[in-house]
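Inside the fold
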Amino acid sequence: MKTNTSIVPKLAFSHPRLAYGLARAFFRQALTRKKKRHTYGYDHMKNFALIYLKLTPLCNLHCVMCGQRGDRGVLKGHAGAEAAKTILSLDTYKKMVDELKSVKPIYYIWGGEPFLYPDLLPLVKYILDSGCLCAINTNGTLLERYAEQIVRDGWHNIFVSLDAFQDVNDAMRGKGSYENVVKGFAAINREKKRQGKTLPIMGVVTTVTKLNYESLPDLAVACKDFNIVWHIYNLGTYTNDAILARHKSHMKEHLDTDIYMLDGYNTGYNNGVDGAKAHQILETIHGTDYGYLSITVPALNPEKTHEYYSELDTHVRDNCIVPWCQANVCYNGDVTFCADYNEYVLGNIKDQSFKEIYNSDRANRFREEILKCDGHIFPGCVRCYQNMLFGEKVKGY
């Protein structure tokens, strides 16, 4: 199965600048593995490659498996509405973009649903004008409305979350969501043709659960009509009561931090996945030419997929490198290493420069503590999506 780095040669001729930017980010991440022992007294901006901007906690969908707005989501209803009152101004983001201009990280914009942030389009344009690459993760339901400006401004990349063909997808994500995504893709493609543009390049991201894994081939065929460059199959972020208890105890004892975000992924949607069948389905998809690149995260050996879903304590990836080359800026300005788990706050960009926060003693304390853990990951991170992307493959998996 292909991994996330496979996209670089795919883009080398059609979009060389994007390919170069991605290759540079992957190279910095590779260097990070050699520098991971560095904590205090080191300028970690040297290897900084990727910055997530979680623009809003609000979303217009309620995907059942989502750790924020799903069945067990921690930002449902009143919690999300209250959190939305703290979102940052466009000027605050611009100040940070100016600071990081020379570093040239890749910006990855997400939410919630980023199109619900009122200044999304001017923010993306400002990032692009700074010379940085920018990717947007969206549920795709609002793409049609903004297609003309998206293409005109030259957005680099759009990741659209889509989990199955129409009926199964809508059962998971909300009625009408599939049709709206199809309209969004069509609108972007029409505008690219009308304006004579090749950007944005587009891809689909699918979270694999017990609800949709058997219907993935139907989605793979449907995606042929979307003019996408790649389709990422995310095997999913999962946890359970025992892992949660260990993680909460560890983080409280060693980092004096109360944990609540990970609870949103204790959904049980891993239970009931036939690992052998899931792997065979994905192998067939990878072996079929749909006109786009198929990528599975994490790519596992054939006999190990069942362990990913049924034995959540088992390390399939370890040695997390995120605290040495990435960070997330939350909608209220809080900077965290972890995109999905925002409890350990390093600082806030309203009060300090990003570089000061990233090289702070508080940041280095986190780095120091994770290095002490088995596999250089915290107890609750054994199925973290970021570690599945950027962690080190455990032998045999």
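Residues numbered from 1 in each chain as written. Predicted model: local features only at pLDDT ≥ 70, side-chain atom pairs only at ≥ 80, totals over all residues. Heavy atoms only, no water.

On to the packing of helix 4 (residues 90-99) against helix 5 (residues 120-129). In contact at an axis separation of 10 Å, helix 4 and helix 5 are set at 15° when each is read in the N-to-C sense. Accordingly, the angle class assigned to the pair helix 4 and helix 5 is roughly parallel. In the crossing of helix 4 with helix 5, the sense of the turn from one axis to the other is right-handed. Together, Leu 90, Tyr 93, Lys 94, Val 97 and Asp 98 of helix 4 and Pro 122, Leu 123, Tyr 126 and Ile 127 of helix 5 make up the contact between the two elements. Tallied by class, the residues present in the contact of helix 4 with helix 5 amount to seven nonpolar, no polar and two charged. (Axes fitted to C-alpha atoms, helices over the stretch in contact; angles between N-to-C directions. Helix = DSSP H or I, 4+ residues; strand = E, 2+ residues; numbered from the N terminus. Parallel < 35°, antiparallel > 145°, perpendicular 65-115°, else oblique. Left-handed = near helix turned anticlockwise from the far one by under 90°. Contact = heavy atoms within 4.5 Å. Nonpolar A, V, L, I, M, F, W, Y, C, P; charged D, E, K, R; others polar.)

Another aspect to go through is the side chain of Glu 191. Looking at where Glu 191 falls in the secondary structure, it is placed in helix 8 (residues 177-195). At 2.8 Å, the side chain of Glu 191 forms a polar contact with the side chain of Arg 194. If sequence neighbours within four positions are ignored, Glu 191 has contacts with Ala 147, Glu 148, Val 151 and Gly 196. (Polar contact = N/O pair within 3.5 Å; in protein donor to acceptor, adjacent residues only side chain to side chain.)

Attention now moves to helix 15 (residues 361-371). The complete set of buried residues in helix 15 reads Ala 363, Asn 364, Phe 366, Arg 367, Glu 369, Ile 370 and Leu 371. Buried residues belonging to helix 15 abut helix 10 (241-255), helix 13 (322-325) and helix 14 (354-358). (Buried < 20%, exposed > 50% of the residue type's maximum accessible area, 1.4 Å probe, protein only.)

In this section: the packing of helix 6 (residues 143-153) against helix 8. Packing of helix 6 against helix 8 brings their axes to within 8 Å, and their N-to-C directions diverge by 30°. When the axis of helix 6 is compared with that of helix 8, the two are roughly parallel. The element helix 6 and its partner helix 8 pack so that their crossing is right-handed. The residues of helix 8 that touch helix 6, namely those facing Leu 143, Glu 144, Ala 147, Glu 148, Ile 150, Val 151 and Arg 152, are Lys 183, Gly 184, Ala 187, Ile 188, Arg 190, Glu 191, Lys 192, Arg 194 and Gln 195. Across the contact of helix 6 with helix 8, the residue classes tally to six nonpolar, two polar and eight charged.

Bringing the sheet that holds strand 10 (residues 334-336) into the picture now. Across the sheet, which stays open at both edges, the ten strands sit in the order 7-6-5-4-3-2-1-9-10-11 with mixed pairing between neighbours. Strand pairing shows two members of the sheet lacking a second neighbour, strand 7 (293-297) and strand 11 (347-348), which therefore form its edges. As paired elements, strand 6 (residues 230-234) and strand 7 share five bridges and run parallel to each other. Its bridge partner lying in strand 7, Trp 230 is registered against Leu 293. (Pairing = 2+ DSSP bridges.)

By size, the foremost hydrophobic cluster in this structure holds 138 residues, and its most contacted members are Leu 53, Tyr 107, Trp 155, Val 329 and Phe 354. Looking at which element gives the most residues to this core, the answer is helix 5, with six residues. Those residues within four positions of Trp 155 in sequence are excluded, and the remaining contacts are Phe 115, Leu 120, Leu 121, Val 124, Leu 128, Ile 136, Ile 150, Leu 199 and Pro 200. (Core = buried A, V, L, I, M, F, W, Y, C linked by side-chain atoms within 4.5 Å.)

Here we take up the pattern of salt bridges. Inspection of every chain in the model, using the stated rule, returns 15 salt bridges. With a closest N to O distance of 3.3 Å, Glu 369 and Lys 372 form a salt bridge. You can call Glu 369 buried: its relative accessible area is 9%. Among the charged side chains, a salt-bridge network with shared partners connects Glu 148, Arg 152 and Asp 153. (Salt bridge = Lys/Arg side-chain N within 4 Å of Asp/Glu carboxyl O.)

This paragraph deals with the environment of Lys 85. On the secondary structure map, Lys 85 appears in the loop between helix 3 (78-84) and helix 4. Classification of Lys 85 as exposed rests on a relative accessible area of 64%. Taking the C-alpha atoms as reference, Lys 85 lies 39 Å from His 15; in sequence the two are 70 residues apart. Here the side chain of Lys 85 touches Glu 82 through a polar contact of 2.8 Å, side chain to side chain.

Locating Asn 137 in the fold gives a position in strand 3 (residues 134-138). Asn 137 gets classed as buried once you look at its relative accessible area, which sits at 17%. At 2.8 Å, the side chain of Asn 137 and the side chain of Tyr 108 are in polar contact. Contact partners of Asn 137, with chain neighbours within four places excluded, come to Tyr 108, Ile 109, Trp 110, Pro 114, Phe 159 and Ser 161.

Taking every second residue as pointing to the same face, both faces of strand 9 (residues 326-329) are buried, with Gln 326 and Asn 328 on one and Ala 327 and Val 329 on the other. Taken together, the four bridges between strand 1 (residues 50-54) and strand 9 define a ladder with parallel strand orientation. Bridge pairing links Tyr 52 to Asn 328 in strand 9. Pairing geometry for strand 9 and strand 10, over two bridges, is antiparallel. Bridging from a neighbouring strand, Asn 328 pairs with Thr 336 of strand 10.

The element strand 4 (residues 157-161) is largely enclosed, with a buried count of five among its five residues. In this sheet, strand 4 lies alongside strand 3 in parallel orientation, the contact comprising four bridges. Bridge assignment links Asn 137 to a residue of strand 4, and that residue is Phe 159. Remark: the strand 3/helix 6/strand 4 crossover connection has right-handed handedness. When strand 4 meets strand 5 (residues 201-207), the two strands line up parallel, connected through five bridges. Bridge pairing in strand 5 links Ser 161 to Val 205. (Right-handed = clockwise from strand over helix to strand, strands pointing away.)

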